[in-house]
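A closer look at the structure
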Amino acid sequence: MTYKLPKLEYEYGALEPFIDAQTMNIHYNKHHQTYVDKLNDAIKEYPEISKKPIEEVLENLSLIPDQIKTPVINNGCGHSNHKFFWSILKKETEFKGEISKEIIKKYGDLEIFKKEFSNSAITLFGSGWVWLVLNENNDLEIIQLKNQDSPLSIGKKPSITLDVWEHAYYLKYQNKRADYVNAFFNVINWNKVNELLLKYKDNINS
Ligand code: MN3
């Protein structure tokens, strides 16, 4: 068994004009595919690893043999981060439900949340991802992670993420990361993000 590129649930152009079709196509078919290929290459002598979903492996890094730890972490996180990112993107969903209550409780209102998330995305030096996670205290938290590091490996549950590697926005936005971040708020799939939060809360209560 090997890991596979997950099916993209929408067309490359579905997020236009906020994320352009060419960027989506290259990002998914080239960048994400490369992480999947390198991950499979790293585990080729250890086929038992891929019997587990990549998320489970990243939550338990001790499952990975030392000899292949670095490539499995780097490429496994690259795979899992992109997989998660594609899953929370959709245009024209409504900010409502449990997630809206939690964000308002934590940040006061949606605009303040956007400002804090943007600030985190813009100030992240170099390549990485900004995340809204549910932390160890079941509290929402915005965090920056470098390179392809995954929140799963530090005990945090992902709610929203934005890829701020240049390959995620350079074709359309060039050096203007702030414009890309601003556009991102138009393609957060609030239905999906709400669903995830409800799932996390169910697991806590059960
Ligand atoms: Mn990327």
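These numbers come from a predicted model, not from an experiment.

The next subject is the coordination of the manganese ion. The manganese ion binds to the protein through His27 (NE2), His82 (NE2), Asp163 (OD) and His167 (NE2), with metal-donor distances spanning 2.0 to 2.2 Å. What makes histidine 27 buried here is its relative accessible area of 2%. On the basis of relative accessibility, which here comes to 0%, the residue aspartate 163 falls in the buried class.

Right, let's talk about the pairing of strand S3 (residues 157-163) for a bit. Counting buried positions along S3 gives six out of seven residues, so the element sits mostly inside the fold. Inspection of the sheet shows strand S1 (residues 128-134) paired to S3 by six bridges, in the antiparallel sense. Looking at the pairing, valine 133 lines up with proline 158 of S3.

Looking now at helix H5 (residues 110-123). Spanning 14 residues, H5 covers 20 Å between terminal C-alpha atoms, matching the ideal 20 Å at 1.5 Å per step. Burial in H5 covers these residues: Leu110, Phe113, Phe117, Ser118, Ser120 and Ala121. Across the axial projection of H5, the buried residues extend over an arc of 160 degrees, all falling on one side. In H5, the exposed positions that point more than 90 degrees away from the buried face belong to Glu111 and Lys115.

Here we have three strands laid out as an open sheet, ordered S2-S1-S3, and antiparallel in their pairing. Since the sheet does not close on itself, it has two edges, and those belong to strand S2 (140-146) and S3, each with one partner. When the angles between neighbouring strand axes are averaged without regard to direction, this sheet yields 25 degrees. Relative to S3, helix H3 (residues 69-87) is tilted by about 90 degrees, and along the sheet it contacts S1 and S3.

Examined against the element boundaries, serine 150 turns out to sit in the loop between S2 and S3. Taking the relative accessible area as the measure of exposure, serine 150 reaches 4% and is therefore buried. Distance in space between the C-alpha atoms of serine 150 and aspartate 66 is 18 Å, their sequence separation being 84 residues. Residues within four places of serine 150 in sequence aside, it is in contact with Leu58, Cys77, Asn81 and Leu145. Engagement of the side chain of serine 150 in a polar contact is seen with the backbone nitrogen of leucine 152, the distance being 3.0 Å.

Criteria and cut-off values
The residue numbers shown here count from 1 along each chain, following its written sequence. Since the coordinates come from a predicted model, pLDDT governs what is reported: local features require at least 70, and pairs of side-chain atoms require 80 or more to be given and counted, while whole-chain, interface and lining totals use all residues. As a rule here, side-chain values cover all heavy atoms of the structure and leave hydrogens and water aside. The rule for donors is simple: an N, O or S atom within 2.8 Å of the metal counts, and for Na, K and Ca the reach is 3.2 Å. Water is not among the atoms, so a site may look short of donors. Throughout, exposure labels follow a simple rule: accessible area from a 1.4 Å probe, protein chains only, divided by the maximum for the residue type, with under 20% read as buried, over 50% as exposed, and the rest as partly exposed. Note on conventions: DSSP H or I runs of at least 4 residues are helices, E runs of at least 2 residues are strands, and numbering of each starts at the N terminus. DSSP bridges decide pairing: two strands pair if at least two such bridges lie between them. Helix span is expected to be 1.5 Å times the residue number reduced by one. By definition, the arc is the one covered by directions from the helix axis to the C-beta atoms. Here an angle of 0 to 180 degrees is reported between the N-to-C directions of two axes, which are lines fitted to C-alpha atoms, with helices fitted over the stretch in contact. Only heavy atoms enter the contact rule, under which two residues are in contact if any of them lie within 4.5 Å. Any N or O atom pair separated by 3.5 Å or less is treated as a polar contact, with the protein-specific requirement of one donor-capable and one acceptor-capable atom, and with residues adjacent in sequence counted only for side-chain atom pairs.

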